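Report on the structure
Here are the chains, one letter per residue:
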Amino acid sequence: MKRCISLLLTVCLLATMAAVPALAEAGTYTGAGAGKNGEGSIEVSVTLDDAGVITDVEVTKNGDDAGISDPAVEGVPAAIVAANSLAVDAVAGATLTSNGILEAVEAALTAAGVDVSAYKAAPETAEVEKAAVEQTTDVLVIGAGIAGLSAAMSAKENGADVVIIDKMSAAGGTTNLAGGILVCVDSELFADNRLESDSMEAIKAYWEERMAYSGVDSGYPDQERLDSVLADTGKTVDWMVSNGIEFDATPYSASSRYPMALANGGGAGLINMLVDACEEKGIELMLNTKGTSLITDDTGAVVGAVAETEDSIITFHAGSVILATGGISQNEELVEKYSPKLTRAGLIPTSAVSHTGDGFLMALEVGAGTFDVFATPLFSTVVDPELSALTDTSVLTIYGQLGVNANGDRFGNEAASAGWDTMDHTASDMIQDGNAPFWYIYDSSNADAVAALEAGVESGVVAKADTIEGLALGMHVYTDRLVAAYEDYSAAVAAGKDEAFGKDASFLLPIEKAPFYAVKVYPTTFGSAGGVTTTDQGRVTTQDGTVIPGLYAAGEMSNRYFYNENYVLAASLGLYSTMGRRAGAAAASDALAE
């Protein structure tokens, strides 16, 4: 007998509009707000009737990133009009754009001369029961990022009826934030314009070089699995081209070490093309639909899943379920459990907000195996976001500074990430050190840097002192250790050689003009490397390697096989789409064989 692991039956929904405020004068008013790309990136027009009701909100300027911001541009104005209120939710995954729209609408209401506070009252709510819906398909894909969309297309091409669901209001996940670059070994795309390094030997050599920076004793990557998937990446790109996905005609040229294909429009453009391809194939894409649990039969086989929308609970009956919901990087509890040293290093996730481990937790509930410790594809470091919210921090250089940990000790080569293909090295050094917060120290020799740092002094985001001893007090680090680190670093600058960490002499710059400043710098990540155990065709297994019938995973749902603790540029999209293509074919074959 089928069993459903969990089911939520009721929810609070908007029932009535907020009370209508008094109006100064009916008409259309304009306002501007700060979206993802800064002050004034969002402009709106707001129309009020004689009774003070908001009858229309139109975004007249959207300076935020196309694709990522679109759901907010479409959804937030409609929600404001429906509720006659500013007390509406931001669109998940486009929070900054949502907030910019709300700020702009508030500015327009202020220009209208109304009591804006009256529009901030939350609409009344009423508890209603969600409708119970049942739906049947051959293959259900949970997650509409690059892995999920690739899996859906592959399953459809192999004869299956396919439905994709995603909890967000737009497809794409972290791919929307990516450059849209895919590793592609031996792709026909570049048959007439092939790099000398276009071979498995070149990419493998580079991979080994990148993996050697840290985590060498982890036991990963799984070389056999990695080689198998890398060798298939060119075929995946060619398959995408056959489905209407467009790439630049020449190999991506940031590095000549290995072949890379650049999708037109970057990551967001790639997702838009994949969504169009799915729609052309007749694949149903259901957004704002969150998978909540898997359904198994008496034998333990997965035979469907339960999902939830704003007004319904959907029971999907499916021959195969593919999990492609991304990783765990936005779930603090899971990160602390599976990657504890990331928590100790104060890691900031820059992945899509949807990466909360939904599919991972669902898979564990039906017995999926996992990895004892997850790694993380690290990215560059970032200056304290609290300071970035106050001023332009792009003027703050990091390669020529002195970096120390929470004890006041220097933790590594501050310029380790200066190269195109070493962008994650400083973040890796922070992770290995594990004593957050990390501080970068500046002097007063650069007027632009001083202006930015002064913006954070009053709020306490930046420490300032006339001496290194005084700076240690503001940083709450050991004075003697910070002084020793400063003196050792100054000696290296004077000698033109960094014996401790090998920093290039061109970045050994003096830090000697008082007053001195210190600001926190954090490592970042755009994902996690772990997930559930699978076969090389994406079939999910238990801890002992037994296949769980009917369950598949791709993308960050099962990517520990490819990495130790370091990232390879352009690798993820190529690997995840390839595993999605494999999982889709296997899922269709198994579902149709029943």
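See above for the structure.
Keep in mind it's a predicted model, so treat the numbers as computed, not measured.

The next subject is the environment of Ser-320. Along the chain, the position of Ser-320 falls in strand β14 (residues 312-323). Look at Ser-320 and you get buried, because its relative accessible area is 0%. Note: C-alpha distance between Ser-320 and Thr-422 (102 residues apart in sequence) is 40 Å. Among residues more than four places away in sequence, those in contact with Ser-320 are Asp-138, Val-139, Leu-140, Gly-550, Tyr-552, Ala-587, Asp-590 and Ala-591. At a separation of 2.8 Å, a polar atom in the side chain of Ser-320 contacts the main-chain carbonyl oxygen of Ala-587.

Once that is clear, we can look at the side chain of Thr-175. Along the polypeptide, Thr-175 turns up in the loop between β8 (162-165) and β9 (181-183). Once residues lying within four places of it in the same chain are set aside, the contact partners of Thr-175 are Ile-146, Gly-267, Ala-268, Leu-270, Ile-271 and Leu-573.

This brings us to the packing of helix α5 (residues 223-242) against helix α15 (residues 571-593). The N-to-C vectors of α5 and α15 enclose an angle of 85°; their axes lie 8 Å apart at closest approach. When the axes of α5 and α15 are compared, the pair comes out roughly perpendicular. Facing Leu-226, Ser-228, Val-229, Leu-230, Asp-232, Thr-233, Lys-235, Thr-236, Trp-239 and Met-240 of α5, the residues of α15 in contact are Gly-574, Leu-575, Ser-577, Thr-578, Met-579, Arg-581 and Arg-582. Across the contact of α5 with α15, the residue classes tally to 7 nonpolar, 6 polar and 4 charged.

Glancing now at the pairing of strand β5 (residues 54-62). Note that strand β4 (residues 38-48) and β5 share 7 bridges and pair antiparallel. Residue pairing across strands places Thr-47 opposite Asp-56, the latter belonging to β5. From the end of β4 to the start of β5, which pair antiparallel, there are 5 residues, and Gly-52 there has a positive phi angle of about 85°.

Let us look at the nonpolar core. The biggest cluster of nonpolar side chains holds 123 residues, and the ones touching the most others in it are Trp-207, Leu-551, Tyr-563 and Leu-575. Looking at this core element by element, the count peaks at 10 residues for α15. Beyond its immediate chain neighbours, meaning those up to four positions away, Trp-207 contacts Pro-221, Leu-226, Leu-230, Phe-562, Tyr-563, Val-568, Ala-571 and Leu-575. Residues Ile-42, Val-76, Val-88 and Ala-112 belong to the second largest nonpolar core, which totals 26 residues.

Bringing the environment of Ser-187 into the picture now. Relative to the helices and strands, Ser-187 resides in the loop between β9 and α4 (200-211). The exposure class of Ser-187 is buried, given its relative accessible area of 1%. Expressed as a C-alpha distance, the spacing of Ser-187 and Met-153, which sit 34 residues apart in the sequence, is 19 Å. Separated by 2.9 Å, the side chain of Ser-187 and the backbone nitrogen of Leu-189 make a polar contact.

This brings us to the pattern of salt bridges. Counted under the stated rule, the structure contains 15 salt bridges. Arg-581 is paired through a salt bridge with Asp-232; the nearest N and O atoms lie 3.2 Å apart. Linking Arg-581 in helix α15 with Asp-232 in helix α5, this pair joins segments that are 349 residues apart in sequence. Each member of the pair, Arg-581 as well as Asp-232, is classed as buried.

For the structure on display, the rule yields 2 cavities of 30 Å³ or more. Estimated volume of the second largest cavity: approximately 30 Å³. Forming the walls of the second largest cavity are Gly-326, Gly-327, Ile-328, Phe-360, Phe-374, Ser-528, Gly-531, Glu-556 and Met-557. Of the residues contributing to the lining of the second largest cavity, the split by class is 4 nonpolar, 4 polar and 1 charged.

So, on to the packing of helix α3 (residues 146-157) against helix α6 (residues 266-280). Orientation of α3 relative to α6, taken along the N-to-C sense of each, is 25°, at an axis distance of 10 Å. Regarding the angle of α3 to α6, the classification is roughly parallel. For the element pair α3 and α6, the recorded crossing hand is left-handed. Taken together, the residues of α6 that come into contact with α3 (itself represented by Ile-146, Leu-149 and Met-153) are Leu-270, Ile-271, Leu-274, Val-275, Ala-277 and Cys-278. Residues of the contact of α3 with α6, tallied by class, amount to 9 nonpolar, no polar and no charged.

Moving on: unusual backbone geometry. The linkage connecting Tyr-220 with the following residue, Pro-221, adopts the cis geometry, with an omega of 5°. Within the secondary structure, Pro-221 sits in the loop between α4 and α5. With an omega of 5°, the peptide bond between Ala-436 and Pro-437 qualifies as cis. Within the secondary structure, Pro-437 sits in the loop between α11 (425-433) and β18 (438-442). Positioned with a positive phi, Asn-288 is a non-glycine residue whose angle comes to about 55°. Within the secondary structure, Asn-288 sits in the loop between β11 (284-286) and β12 (290-296).

The rules we used
Residues numbered from 1 in each chain as written. Predicted model: local features only at pLDDT ≥ 70, side-chain atom pairs only at ≥ 80, totals over all residues. Heavy atoms only, no water. Helix = DSSP H or I, 4+ residues; strand = E, 2+ residues; numbered from the N terminus. Buried < 20%, exposed > 50% of the residue type's maximum accessible area, 1.4 Å probe, protein only. Contact = heavy atoms within 4.5 Å. Polar contact = N/O pair within 3.5 Å; in protein donor to acceptor, adjacent residues only side chain to side chain. Axes fitted to C-alpha atoms, helices over the stretch in contact; angles between N-to-C directions. Parallel < 35°, antiparallel > 145°, perpendicular 65-115°, else oblique. Nonpolar A, V, L, I, M, F, W, Y, C, P; charged D, E, K, R; others polar. Pairing = 2+ DSSP bridges. Core = buried A, V, L, I, M, F, W, Y, C linked by side-chain atoms within 4.5 Å. Salt bridge = Lys/Arg side-chain N within 4 Å of Asp/Glu carboxyl O. 1 Å grid on protein atoms, 1.4 Å probe; cavity = no way out; pocket = protein on both sides within 12 Å on 5 of 7 lines; lining within 4 Å. Points joined across faces, edges and corners; volume = space filled by probe spheres on them. Left-handed = near helix turned anticlockwise from the far one by under 90°.

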